[in-house]
Amino acid sequence: MVGCVTADEDRDRLAKQLLELPVHELVDVLRRVLPHYTEDEYGLRTTLVLATANKDEDVSDVPDLALVAWPDRDYYDGGLGPDQGLWEEGHCAKCATDLASNAKRAYCPACGARCALT
Ligand SMILES: [Zn+2]
C-alpha cells in the first residue's frame, strides 16, 4: 500500500483491540502513544491530545471542548483511577485549559501540570 507503514487489516485489528477497552484503559493506552507525536519546530510545540466534545443541543450548536487529562497514577497507587466515564471536569491550574478525566487527580496533557478535577 502506497504511503502506509502498516496494512489496513493491521490497523483494523488494532482498532478492534482498542474498542474492547473501557474508556479509562483506552486513555491509558493513548497516554503512552500520543505524547510521542509531539513536535517542536521554530519555537512552537505541537502536542497531539485526546479531547471530548460536549454539545447540549438545547443550548447551542457549538460543542464545548475539553482535553482528556491523564490520571495521576502515583496518586492512585499505580492504578488508573476510577473505572467510570470522563465525568471529572475542571480547568488546568497552570494553562487554564478545560479538562475532563475519569480521575479527580490528573495531569494536563497540554502543559503537564498536576490538576484537581471535580
Ligand atoms: Zn495545562
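Look up a bit, the structure's there.
Residues numbered from 1 in each chain as written. Predicted model: local features only at pLDDT ≥ 70, side-chain atom pairs only at ≥ 80, totals over all residues. Heavy atoms only, no water.

## Points about the environment of Ala66
In this structure, Ala66 sits in strand S4 (residues 64–68). When the C-alpha atoms of Ala66 and Gly78 are compared, they prove to be 25 Å apart, with 12 residues separating the residues in sequence. With near-sequence residues (within four places) excluded, Ala66 lies in contact with Leu50, Ala51, Thr52, Asp98, Leu99 and Ala100. (Helix = DSSP H or I, 4+ residues; strand = E, 2+ residues; numbered from the N terminus. Contact = heavy atoms within 4.5 Å.)

## So, the sheet that holds strand S9 (residues 114–116)
Strand order in the open sheet formed by 3 strands is S5-S8-S9, with antiparallel pairing between adjacent strands. Lying at the two open borders of the sheet, with one neighbouring strand each, are strand S5 (70–71) and S9. Where strand S8 (residues 105–107) lies against S9, 3 bridges are found, and the strand directions are antiparallel. Bridge assignment links Tyr107 to a residue of S9, and that residue is Arg114. (Pairing = 2+ DSSP bridges.)

## Thoughts on the coordination of the zinc ion
Each pair of donors in an ideal four-coordinate tetrahedral metal site encloses 109.5 degrees, whereas pairs in an ideal six-coordinate octahedral site enclose 90 or 180 degrees. Looking at the zinc ion, one finds its protein donor set to be Cys92 (SG), Cys95 (SG), Cys108 (SG) and Cys111 (SG), positioned 2.3 Å from the metal centre. Mapping the donors of the zinc ion onto the primary sequence yields the spacing C-x2-C-x12-C-x2-C. With a gap of 19 residues between them, Cys92 in the loop between strand S6 (88–91) and strand S7 (98–101) and Cys111 in the loop between S8 and S9 connect regions that are remote in the sequence. Judged by relative accessible area, Cys92 falls into the buried class, the value being 5%. By relative accessible area, which is 28% here, Cys111 ends up partly exposed. (Donors = N, O, S within 2.8 Å, 3.2 Å for Na, K, Ca; no water. Buried < 20%, exposed > 50% of the residue type's maximum accessible area, 1.4 Å probe, protein only.)

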